[in-house]
Amino acid sequence: MHSLQDILHLHVVQASDADSGKSGPPLPPDIISMIHHWGEGIWLFERMYDFKYQIYILITIGLIYLVFSRAGRNASIRPGRLQALAELLIEAVYGIVEGILGPKDARRYFPFLGTLFIFILFMNFLGLVPLMASPTANILVTGSLAICVFLYVQYTGLVRQGVKGYFFHLMGEPRDPVGWALVPLFLPLHILEELIKPLSLACRLYGNVYGKEILLGVLLLLGIWMVQGFIPGTFIGVPLHFPAMFLAILLGAIQALVFTLLATVYISLVLPHDDHHGEEHGADGAAH
Amino acid sequence: MEPVSTLLSDSAAYHLGLGIAAVGAAMGLGWSVSKAMEAMARQPEAAGRIQTAMIIGCAFIEALAIYALISSFIR
């Protein structure tokens, strides 16, 4: 057990690799790591630390429920501030999704995409709350989200285009002998593409959020070192990480939007696009 | 005499590669933002939509530099 002095000095948590014993980059302190460091060896704290990201995901879900259930309660035509904020968020995302999918399909797939956006947004912002960490700063969490998107997109493709149409689409939709000759080229490429797209989603979100945490941790450590030169053994420091917080807010929102947008684009790619040709020709005919 | 580490993550080549990835990302981002600004100057009423598309394109380009950064987290 560590003393109170030890806990107060644990202002920046060292992310240590348990296997190699080397210490990793410094991260901002979060409550579960601090409790685990304070009571090392206690079974409850060890298990809490093992499931650290899951606990933060549960906290995120609790927050989302609190905010949006209050916003939806007694929903009126003249909204209060919380309801207006929630409507602003949802309508912004719906506008972008509708621009890609068209009104009918956007209505159908928006529950999944909107939930994805709000979930990732809240998870990214949870890391900015003083004693919390972002669950998305872990490749397993972002990988799970990417797997969800992958399964949903493939399921949508199979349902909307039928199994035969889906394989036809994977082969590059050959219509002439040249198309059929290129099938051995297109089929592996398309399968690889379908597998790599969720991987890139996961890596993009993970790299952004984990990099943000490392940036904050390093700046915190630098601020504390600056003060430790004058007052040894302190746990306060120069707030050098303050501009990085703005960057974290901006990038957190942008990464949530990009994840949702890419999921939308992947859905639009597996939808049947024959009817769009008919609509386009109709519009051209009316214009000319 | 200590043996020299042969891990890629301990070598200078990794940091150099990260720097080259950052240069590529910076060039791509600069080009995209400059084109977006030209388009916004041509048609100020479409500035909102152009800005949204620019932000999304910048996130894609940024991701390529972040793939290089991720290789440092995976030891």
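Just above sits the structure.
Every value quoted in this text rests on a predicted model; they were computed, and no experiment measured them.

(A) Quick peek at the layout of surface pockets. There is about 590 Å³ of room inside the second largest pocket. Taken together, 27 residues make up the lining of the second largest pocket; nearest its centre are Asn208 and Leu251 of chain A together with Glu62, Ile66 and Leu69 of chain B. At the level of elements, α9 (183–228) and α10 (242–270) of chain A together with α1 (12–42) and α2 (47–73) of chain B are the ones that each hand at least two residues to the lining of the second largest pocket. Among the elements that take part in the lining of the second largest pocket, α2 of chain B stands out by supplying eight residues, more than any other. For the lining of the second largest pocket, the per-class residue count stands at 21 nonpolar, four polar and two charged.

(B) Quick peek at helix α6 (residues 103–126) of chain A. In this model α6 of chain A runs 32 Å from its N-terminal to its C-terminal C-alpha over 24 residues, within 8% of the 34 Å that 1.5 Å per residue would give. The largest bend in α6 of chain A comes to about 60°, at Tyr109 of chain A, with the proline Pro111 of chain A one to four residues further on.

(C) Structural view of the interface of chain A and chain B. Counting residues at the interface gives 16 residues for chain A and 11 residues for chain B. Counting the surface lost from both chain A and chain B, the interface buries some 1300 Å², and carbon and sulfur atoms represent 79% of this. Applying the counting rule to chain A against chain B returns zero salt bridges. Elements with a contribution of two residues or more to the side of chain A that touches chain B: α9 and α10 of chain A. Per-element tally for the side of chain A that touches chain B: the top contributor is α9 of chain A, with nine residues. Residues of the side of chain A that touches chain B, tallied by class, amount to nine nonpolar, five polar and two charged.

(D) Representation of the packing of aromatic side chains. All names here are of chain A. Enumeration according to the criterion identifies seven aromatic pairs over all chains in this entry. Relative to Phe110, the ring of Tyr94 has its centre 5.0 Å away and its plane inclined at 80°; by these criteria the two rings are edge-to-face. Here the residue Tyr94 occupies a position in helix α5 (residues 81–101), and Phe110 occupies one in helix α6, the gap between them amounting to 16 residues. On the accessibility criterion, Phe110 (14% relative accessible area) is buried. Between Tyr109 and Tyr152, the ring centres sit 6.1 Å apart and the planes meet at 90°, which makes this aromatic pair edge-to-face. With Tyr109 in helix α6 and Tyr152 in helix α7 (residues 139–170), this pair connects stretches of sequence that are 43 residues apart. Judged by relative accessible area, which is 4%, Tyr109 ranks as buried. Three or more aromatic residues joined by ring pairs form one cluster here, namely Tyr109, Phe112 and Tyr152.

Reading guide: rules and limits
- Residues numbered from 1 in each chain as written.
- Chains lettered and ligands numbered in written order.
- Predicted model: local features only at pLDDT ≥ 70, side-chain atom pairs only at ≥ 80, totals over all residues.
- Heavy atoms only, no water.
- 1 Å grid on protein atoms, 1.4 Å probe; cavity = no way out; pocket = protein on both sides within 12 Å on 5 of 7 lines; lining within 4 Å.
- Points joined across faces, edges and corners; volume = space filled by probe spheres on them.
- Helix = DSSP H or I, 4+ residues; strand = E, 2+ residues; numbered from the N terminus.
- Nonpolar A, V, L, I, M, F, W, Y, C, P; charged D, E, K, R; others polar.
- Expected span 1.5 Å × (residues − 1).
- Bend = angle between axes of the 7 residues up to and from the residue.
- Contact = heavy atoms within 4.5 Å.
- Buried area = accessible area lost by both parts, 1.4 Å probe.
- Salt bridge = Lys/Arg side-chain N within 4 Å of Asp/Glu carboxyl O.
- Phe/Tyr/Trp six-rings, centres within 6.5 Å; stacked < 30°, edge-to-face > 60°.
- Buried < 20%, exposed > 50% of the residue type's maximum accessible area, 1.4 Å probe, protein only.

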